[in-house]
Structures are given as C-alpha cells and as structure tokens.
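Residues per chain are reported as follows:
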Amino acid sequence: MASVSLVESLGIREEVIKKVCSISMKTHKYAGKHLYVSEKIRNSHELVFSFPGSWSASDLLIRSPFGEVEVDLALFPCLQYIGLKQTATVNEAFLNRFKAVLANAHFKKEVGAAVADGKQVVFTGHSLGGPIAVLASIWFLEEYVRREPKKMTPLCVTFGSPLVGDRLMGHALRRENWSRYFINFVMRYDIVPRMSLTPLSSVEQQLQRALNFLNPKSTLQENAVEAPGFFVTVMSNALSVVSHAASKMMMGSTNLLMETLSNFVELSPYRPLGTYVFCTGDGKLVVIRNPDAILQLLFYTSQLNSEEDLPAVAHRSLKDHLSYKDELQECLQMQSVIFLDDHHLEALPLSDDVIGESNMALNDLGLSARARLCLRAAGELEKQKRNNQKTMDEKMENIEKGLEKLRDYKNKCQLKVGYYDAFKISENKEDFDANVKRLELAGIWDEIIEMLKRNELPDEFERREEWVEMGTRYRRIVEPLDVANYYRHLKNEDTGPYMERGRPKRYKCTQRWREHAENMSTESLESCFWAEVEDLCFKSGNPSVRDRVLQLKRRVEEWIKNGVLDDDVFLMGSTFDKLLKEHSLTNS
C-alpha cells in the first residue's frame, strides 16, 4: 500500500474536485426541470457538465428485475468484447435519460464548442445523476478521442453514483485505456452505490421511500423508519453477488453451492468501472482501480461492527449520501490518501493489528479478515492474468516459426497450381507437413480464444498491436488452408457453407481485432475469399452469379493492389481461374 497525494493518484487538482462536488450536489435542485447544467470553473480551463438525479423510483424501473439492456453499438461501438462479439449491457433507464440529453442540440453544440476552445470537459453527477455523467463521458470518448486520439480527454467525476453497466462495459473501458478518466467517490455507508446489486423491482416501495428521504424537499424523520428494511434488502443481495464473485476468483469457477444459488437467484449484472475513492468517514481516502476488489469493498465496507446497531447504520447509509461535500473538505485538508494497486492487494495483511498508516485506513473501512482475503484474491487474479499473457507472448515465437514454414510452402505452391489448390488436392508430403503445421497453430490460437472466454487474460490483450498484427498475418496465411480442408472433405454438404457454419472463432476473433484497431466500418474478408469462390462454384448454373463473380474479381484485384492477397489466385488452372473462365471473366 502506498500513501500518495490525490493529484498523484487521480490526476485531478484538489480545487477542481471541490468545485465539481459542489456543482454536482447543487444540480439536484434541477431534478425534473433541466437535463443538465453547465458551469465554468473560475480562473481555470475546465467546463463542467453536471446532470441532476431523480426522486422517482419509476424512473429506474423499466424492466424486471434489474432493468438491463444491451447498449446500442451505433452509439457506443467500443462497448463490446471485440473478439468474442459480446455486447455490454447497461441500465435502460439511465441509457434513456442520457439519450434525452444527447437529443438536446444545445448540449452537443456546447460540448463541441468546449472542445474547439481546448477546454477540459468534466462530466459529473451526484446520486442518480452519476450514471448519466458516465454515459456522457463514454459518448465523448467515442465521438472525439477515438477518432482523434490527440484531442483533450474528458474527466468523469461522480459522487454516490449507482452502478451503470456490466463487466463487459468495464472491460471495454480498460481495453481502450479509458478507465482512468472515470473517478467515483463513495462514502463508506452510502447505500446508493450498492443499490444496483439488488433487483429494484422487488423493493419499489422501499426505494421510493429511500429517495424521499434523500429529497431535500421532504423531511428525514417521516421516512427514517423505512431505512433498516431497505438497507437489509440491498446488502443481502449484495452478499449473494460478492460471494459468487469471490468464489470464482478463489477457485477459478464457482463451487456447487454458489452455482446452485445462481441458478435459482438471478444476480445483478452490474459491476464497478473506473477508479473508486472510498471515504472512510474520518478524513481518510482509499483509492483503488481493481474492479473485482471494488465490488468486494462495496459490500464489506458497509458491514456493522460490534458497537453499531442496524437502525443506526441503516440511517447513516442514507445520510452519508448527502455528506460528500463536507466529507471531501475534511479529507482534502488531511491529505491522508492510500492507493491500493494490484501489487499491494496481493500482499494485503490479513490482520487488523499490523502497524502502519495504510492498515489504519483499512481498519477505518471496517475490513474483516474475510474481506482482506477477497481483496488478496482480486490482486492474485490480476497477477495470474498477467502471467497468462506472458505465457502467450512466449508462444509468439512458435507462431512466427509456424507461419514461416507455411510461407515457404506457399512460395513452392505458387510455382504450380497455387497455394489453395495445392493444399486442397494434397498429393505430396509437403502438403501433409503443411497440414500438421496448420493444426499446431490452430491449437495455440484456440487456447487463446478459450482464455479470452474464461476472462483469463488482461482486458488490454485484444488491443495490443503485436497481437493484432500477428493475428492478421496468421489469418491471411492459414485460413485459406482451413477453407481448402473444409471443401476437400465436402463438409459443406453436411454442415453448410464455410462462412455460415464452418468458420472457426479464431479467425472471426482476429479479424474483429484488426477492424477495431483500424476503425474499419465493414468486414475485411480477404483471408476467406476462397470460401466465397467455392460457394459461387456450387451456384454456377444461376445466371445472377456472374455479377457476383465480377464483383469478387474487382475486390480481389483491390486486395492484390493493397498487398493483402497474392496474385497466385489467378494462376491458370486454379479454382478461381476456372470460375472466371466459366463466366467469361478471365483476368486480362
């Protein structure tokens, strides 16, 4: 654990934090009246966009039980697991509120003007305004930063915000190296950041009473009696979520009891994203970025100690939600900041009697031995992911050697009937050796795909330039052999066309990596064009096929011109050459 300044750990000035907190708390009075409030920070270059929350439970309850919906990839193209083509989910109510903001032409105009003027754009929100600030920040990153990486990046600072999206949403932000722009302040007992872990549809009345409690226009006393029930419901569901997550971290897969529980009890899909700053309640701050550790802290920091009773903690869970401004003033004066990175999590002391400022901060958060063990497991999990990546990196040499062997084989085939057709015929020992090498490489790449499925590699893995480049070369050299093997054994007659039923995930995955890295809006299918050739050969009796063959010929010529395909595809006697001759489209 490291004691650092808030500026060092967050990259944001203290005076900005104070002002942004003040603006976000003040914006609540506009709930139901304005979509957002913009305000300049005096004597600074920041322009703050603050979003009000809501005091109505109906604004959160669109569908049961957790209200999640897949994001619109046209709006948020990065919010997906690229290689596996899995789309992130987000709370639909929050998404609709953000879309209403985005539909406001003045909002887009004001943001655009700030970017043109070189201002630092800060999106913020307290309570239910926080998720809107998060979605606005992601939109900004997609709209401006992804297209022009040199543009000034935004900041998103939330206070007591509910969780917004699922694990894939956080994965995408970490993959793009955007997670660092999101800073979430959470008071130790504040119930609002935890409430997304419970099915809100089952506690609608309790939720509305809690929102009434937090509404400055209502009195605290008339709603205080409802606090314990809401607190217990939220934390009981949170226990199920963190226990299931901890079991997966510690054992690699859920144990039978937790697996049975998840089959009968639907668990919340929502997970933390970005950096979390936990306020201990006595002037100390604990900064942490590991999402698995943050999830555990959201539960364990709200546990009762032996000297507290349920009603007192339940009431504090609501009052803490309104105390960010005063708490941060005290914390920024004390400058007691502890930063827990993955390395520190691995070595976290399990005992609360270890002497030191860092351990005192953890004690102030009320962390039990069980909680510390879960945090250790989160650190160990990230360490294992890094080790797995190192193991895969070491296999790059084997992939390179395999590709070199196949390149030599390809060069020899180009003197005959061509790479594709020679392998499809497979008459010589060289063809057999090429097939062995093809299968060896497939084993390595299938191992990578399985590790991605099991979330056993760092989030940044599928965006690393060396793997995107290696995957592209692998796909272009080896996939034609897979296509040839598929049609040589007539698998299309039993299974269907290669592109529809036979294409392995290792090629789909590496293709999507390249398309994402190069901001390609359409698929690049040069590596499997032979599958289209075979499909057209089977439809050769159809008069409309000629136009498709002509279009394919033009694409092939463009691919050859761009150096992504070799001209041996036009060799006399090749499958493609025969198809062109059949339709009187021989290469001139």
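Residues numbered from 1 in each chain as written. Predicted model: local features only at pLDDT ≥ 70, side-chain atom pairs only at ≥ 80, totals over all residues. Heavy atoms only, no water.

Some points on the packing of aromatic side chains
Two aromatic rings, taken as a pair, are described by how far apart their centres are and by the angle between their planes. Basically, it comes down to this: Two rings belonging to Phe, Tyr or Trp (six-membered ring only in the last case) form a pair when the distance between their centres is within 6.5 Å. Interplanar angles under 30 degrees mark stacking, angles over 60 mark edge-to-face geometry, and anything in between is tilted. A run of H or I in DSSP counts as a helix once it spans at least four residues, and a run of E counts as a strand once it spans at least two, with each numbered from the N terminus.
Using the criterion set out here, one finds 31 aromatic pairs in the structure. Plain terms: the ring middles of Phe49 and Phe123 are 5.7 Å apart, the flat faces sit at 35° to each other, and that makes the pair tilted. With Phe49 in strand E3 (residues 46–51) and Phe123 in strand E8 (residues 120–126), this residue pair connects regions lying 74 residues apart in the sequence. Put simply, the rings of Tyr36, Phe49, Phe51, Phe107, Phe123, Trp139, Phe140 and Tyr144 touch in pairs and so form one group of aromatic residues.

Things to note about the UniProt feature "coiled-coil region" (unreviewed entry) in the protein chain
Applicable threshold: UniProt positions are given in the numbering used here, feature names are shortened, and annotations may be inferred rather than shown by experiment.
When the UniProt feature table is mapped onto this chain, "coiled-coil region" (unreviewed entry) is found at residues 378–412. Strand forms 0% of residues 378–412 and helix 97%; the C-alpha atoms that close the span are 51 Å apart.

Description of the pairing of strand E13 (residues 275–279)
Going by this rule: Only protein chains enter the accessibility calculation, which uses a 1.4 Å probe; a residue is then buried when its area is under 20% of its type maximum, exposed when over 50%, and partly exposed in between. DSSP calls a pair of strands paired once it identifies at least 2 bridges connecting them.
In terms of burial, E13 is a largely internal element, five of the five residues being buried. Of the two faces of E13, both are covered, the one formed by Thr275, Val277 and Cys279 as well as the one formed by Tyr276 and Phe278. Direction of pairing for strand E11 (residues 182–187) relative to E13: parallel, over a ladder of five bridges. Looking across to E13, one finds that Ile183 is bridged to Thr275. In the sheet, E13 pairs with strand E14 (residues 284–288) via four bridges, with the strands oriented antiparallel. When the sheet's bridge partners are listed, Val277 is paired in E14 with Val287. Linkage of E13 to E14, two consecutive antiparallel strands, is achieved through a turn of four residues, within which Gly281 is found at a positive phi near 100°.

Quick word on the packing of helix H8 (residues 227–251) against helix H15 (residues 369–394)
Operational definition: Every axis in this analysis is a line fitted to C-alpha atoms, fitted for helices over the stretch in contact. Angles between the N-to-C directions lie between 0 and 180 degrees. An angle below 35 degrees is treated as roughly parallel, one above 145 as roughly antiparallel, one from 65 to 115 as roughly perpendicular, and anything else as oblique. In this scheme the crossing of two helices becomes right-handed for a clockwise turn of the near helix relative to the far one and left-handed for an anticlockwise turn of less than a right angle. Two residues qualify as a contact provided that any one of their heavy atoms is within 4.5 Å of a heavy atom in the partner residue. Note on residue classes: Ala, Val, Leu, Ile, Met, Phe, Trp, Tyr, Cys and Pro are nonpolar, Asp, Glu, Lys and Arg are charged, and everything else, Gly too, is polar.
Interaxial distance between H8 and H15 falls to 9 Å at its minimum, and their mutual angle equals 55°. With respect to H15, the element H8 is oriented oblique. The chirality of how H8 crosses H15 is left-handed. On H15, the residues touching Ala246, Met249 and Met250 of H8 are Arg370, Leu373, Cys374, Ala377, Ala378 and Leu381. In terms of residue class, the contact of H8 with H15 is made up of eight nonpolar, no polar and one charged.

With respect to unusual backbone geometry
Of note, Leu490 is a non-glycine position whose phi angle comes to about 55°, a positive value. By the element assignment, Leu490 lies in the loop between helix H19 (465–488) and helix H20 (491–494). Not every positive phi belongs to a glycine, and Asn519 is a case in point at roughly 55°. Judged by its relative accessible area of 47%, Asn519 falls in the partly exposed class.

Observations concerning H19
To keep things clear, this is the line we draw: How far a helix is expected to stretch is found by multiplying one less than its residue total by 1.5 Å. Given a residue, its bend is the angle between the two axes fitted to the seven residues that end at it and to the seven that start from it.
Along its 24 residues, H19 runs 34 Å from first to last C-alpha, staying within 8% of the 34 Å computed at 1.5 Å per residue. A bend of about 35° at Val478 is the largest found in H19, and the proline Pro480 appears one to four places after it. In terms of burial, H19 is largely enclosed, as 18 of its 24 residues are buried. Once H19 finishes, Leu490 follows within two positions and takes phi at roughly 55°, a positive value.

Quick notes on the pattern of salt bridges
Rule in force here: Should a side-chain nitrogen of Lys or Arg be within 4 Å of a carboxyl oxygen of Asp or Glu, the pair is scored as a salt bridge.
Counting across every chain of the model gives 47 salt bridges. A salt bridge links Lys119 to Asp117; its shortest N-O distance comes to 3.6 Å. Accessibility expressed as a relative area gives 22% for Lys119, which makes it partly exposed. Judged by its relative accessible area of 54%, Asp117 is exposed. As a salt-bridge pair, Lys385 and Glu382 come within 3.5 Å of each other at their nearest N and O atoms. Taken as a pair, Lys385 and Glu382 lie in helix H15 at a separation of three residues, close to a single helical turn. Each member of the pair, Lys385 together with Glu382, is buried.

A few points about the domain arrangement of the protein chain
The cut-off we apply is this: An automatic or database domain assignment is the source of the domain bounds shown. Accessible area that two parts lose when put together, evaluated with a 1.4 Å probe and summed over both, is termed the buried area. Here a polar contact is taken to be a pair of N or O atoms separated by no more than 3.5 Å, where protein atoms must pair a possible hydrogen donor with a possible acceptor and residues adjacent in sequence count only if both atoms sit in side chains.
Domain boundaries assigned for the protein chain yield domain 1 (6–367) and domain 2 (391–583). Centre-to-centre separation of domain 1 and domain 2, based on C-alpha positions: 44 Å. Interface area, domain 1 with domain 2, both sides summed: about 1,400 Å², of which 48% is carbon and sulfur. By the criterion of area lost to domain 2, the three top residues of domain 1 are Ile82, Leu84 and Arg146, representing 38% of everything that side buries. Between Asp459 and Arg174 there is a salt bridge; the shortest N-O distance is 2.6 Å. Along the contact surface separating domain 1 from domain 2 lie 13 residue pairs in polar contact (both at pLDDT 80 or more). In terms of residue count, the dominant contributor to the side of domain 1 that touches domain 2 is helix H6 (residues 167–175) (four residues).

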